[in-house]
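Listed below are the residues making up each chain.
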Amino acid sequence: MGTTRQDAQASAAERRRQELLEAADKVVLRDGPGASMNAIAAEAGITKPILYRHFGDKGGLYRALAVRHTDALLDALRAALDEPRERRERVEATLDTYLAAIEARPQVYRFLMHPAEDSPASERGFDVGQHSAPLLRRLGEELAKVIAERVDLGPESEELARVWGHGIVGMMHAAGDWWLRDRPCDRARLVRHLADLLWGRLAAAGDRAGGPGF
């Protein structure tokens, strides 16, 4: 019975945590990187100390939101890679999925990736860059796994897969960040340009035998 009670308490705590993350998402969509713990607590109908009790500090809340959005993005990227298309089309679909995600929710992207210069003075010490780097590394490692599983890159396959995975994520991030701010072209043209850049050796590499293909 004790275990059942503990499980119920843990389940209730997780539900409450998810409710608080929903409230945080609403504030981030409205305020972008200026989203404050005060505003998030007010949206959730609680005091800031209670919010701290669940997440520790803004860094803890940030990490929870980053996991939430990175999980959703990874699911979308995997779905794009699993589409029954030619390889070039899958590459373009994967690039487009990332760019569409940051275009659809630019305030969330800015909260996750850019310093909050307009944050309250009490939160100025929060370094978004310190937390966004692990997020990009996670995306790079996940893409590296996909490449290693699907593309035959010869005897250096594992090393190349990690280099390519992190390199592609870095390219998507840098190009997407610039594009989202300056809008030098439409999304479809950017996707084609980036796919052209990637297409060299990837076009010539074979699929791994028995794998799902890339």
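Residues numbered from 1 in each chain as written. Predicted model: local features only at pLDDT ≥ 70, side-chain atom pairs only at ≥ 80, totals over all residues. Heavy atoms only, no water.

Asker: Just to check I follow, could you spell out the overall build of the protein for this structure?
Answerer: Looking only at helices and strands, the protein has nine helices and two strands in total. Ordered by position from N to C terminus, the α and β elements of the protein give α-α-α-α-α-α-α-β-α-α-β. In terms of overall dimensions, the protein has C-alpha extents of about 60 × 50 × 25 Å along its principal axes. Taken across its 214 residues, the protein has 43% of its residues classed as buried. Positive and negative charge centroids in the protein, built from 31 and 33 side chains respectively, lie 4 Å apart. (Helix = DSSP H or I, 4+ residues; strand = E, 2+ residues; numbered from the N terminus. Buried < 20%, exposed > 50% of the residue type's maximum accessible area, 1.4 Å probe, protein only. Lys, Arg positive; Asp, Glu negative; His and termini not counted. Charge placed at Lys NZ, Arg CZ, Asp CG, Glu CD.)

Asker: Explanation requested: the packing of aromatic side chains in the structure shown.
Answerer: Two aromatic rings are characterised by how far apart their centres lie and by the angle between their planes. Summed over the entire model, instances satisfying the criterion amount to one aromatic pair. Considering the side-chain rings of Tyr62 and Phe111, the 5.9 Å spacing of their centres and the 40° angle between planes classify their relative orientation as tilted. Of this pair, Tyr62 sits in helix H4 (residues 58-81) while Phe111 sits in helix H6 (residues 106-113); the two residues are 49 residues apart in sequence, bridging distant segments of the chain. Positioned over the ring face of Trp199 is Arg88, at 5.6 Å from the centre of the ring. Between Arg183 and the ring centre of Trp179, over which it is positioned, the NZ or CZ distance is 4.5 Å. (Phe/Tyr/Trp six-rings, centres within 6.5 Å; stacked < 30°, edge-to-face > 60°. Lys NZ or Arg CZ within 6 Å of the ring centre and 35° of its normal.)

Asker: Teacher, can you tell me more about the pattern of salt bridges here?
Answerer: Side chains that carry opposite charge are capable of pairing whenever their charged atoms lie near each other. Under the counting rule described, the total for this entry stands at 17 salt bridges. Note that Glu22 is salt-bridged to Arg68, the shortest N-O span being 2.6 Å. Separated by 46 residues along the polypeptide, Glu22 in helix H1 (residues 2-31) and Arg68 in helix H4 bring together distant segments of the chain. Classification of Glu22 by relative accessible area gives partly exposed; the value is 42%. Here Arg68 falls in the partly exposed class, since its relative accessible area comes to 22%. Among the salt bridges present, the one from Arg150 reaches Asp82, with a minimum N-O distance of 2.5 Å. A residue pair is termed long-range when its members are at least 10 positions apart, and Arg150 in helix H7 (residues 128-150) and Asp82 in the loop between H4 and helix H5 (87-104) qualify at 68 residues. For Asp82, a relative accessible area of 49% translates into the label partly exposed. Ionic contacts of the salt-bridge type, sharing partners, join the residues Asp75, Arg78, Glu142 and Lys145 into one network. (Salt bridge = Lys/Arg side-chain N within 4 Å of Asp/Glu carboxyl O.)

Asker: I keep staring at unusual backbone geometry and nothing clicks. Help me out?
Answerer: Note: most peptide bonds trans; most residues except glycine with negative phi. Located in the positive-phi region is Arg183, a residue other than glycine, with phi close to 45°. Position of Arg183 among the secondary structure elements: in the loop between helix H8 (157-182) and helix H9 (187-204).

Asker: I keep staring at the environment of Glu14 and nothing clicks. Help me out?
Answerer: Among the structural elements, Glu14 can be located in helix H1. Sequence separation of Glu14 and Ala161 is 147 residues, and the distance between their C-alpha atoms is 36 Å.

Asker: Sorry, what's going on with the nonpolar core here?
Answerer: A general trend in soluble globular proteins is that nonpolar side chains are found buried together. Formed by 58 residues in total, the largest nonpolar core has its most connected members in Leu51, Leu61, Leu95, Tyr98, Leu112, Ile147 and Phe214. A per-element tally of this core places H8 first, with ten residues. (Core = buried A, V, L, I, M, F, W, Y, C linked by side-chain atoms within 4.5 Å.)

By themselves these figures say nothing about function.
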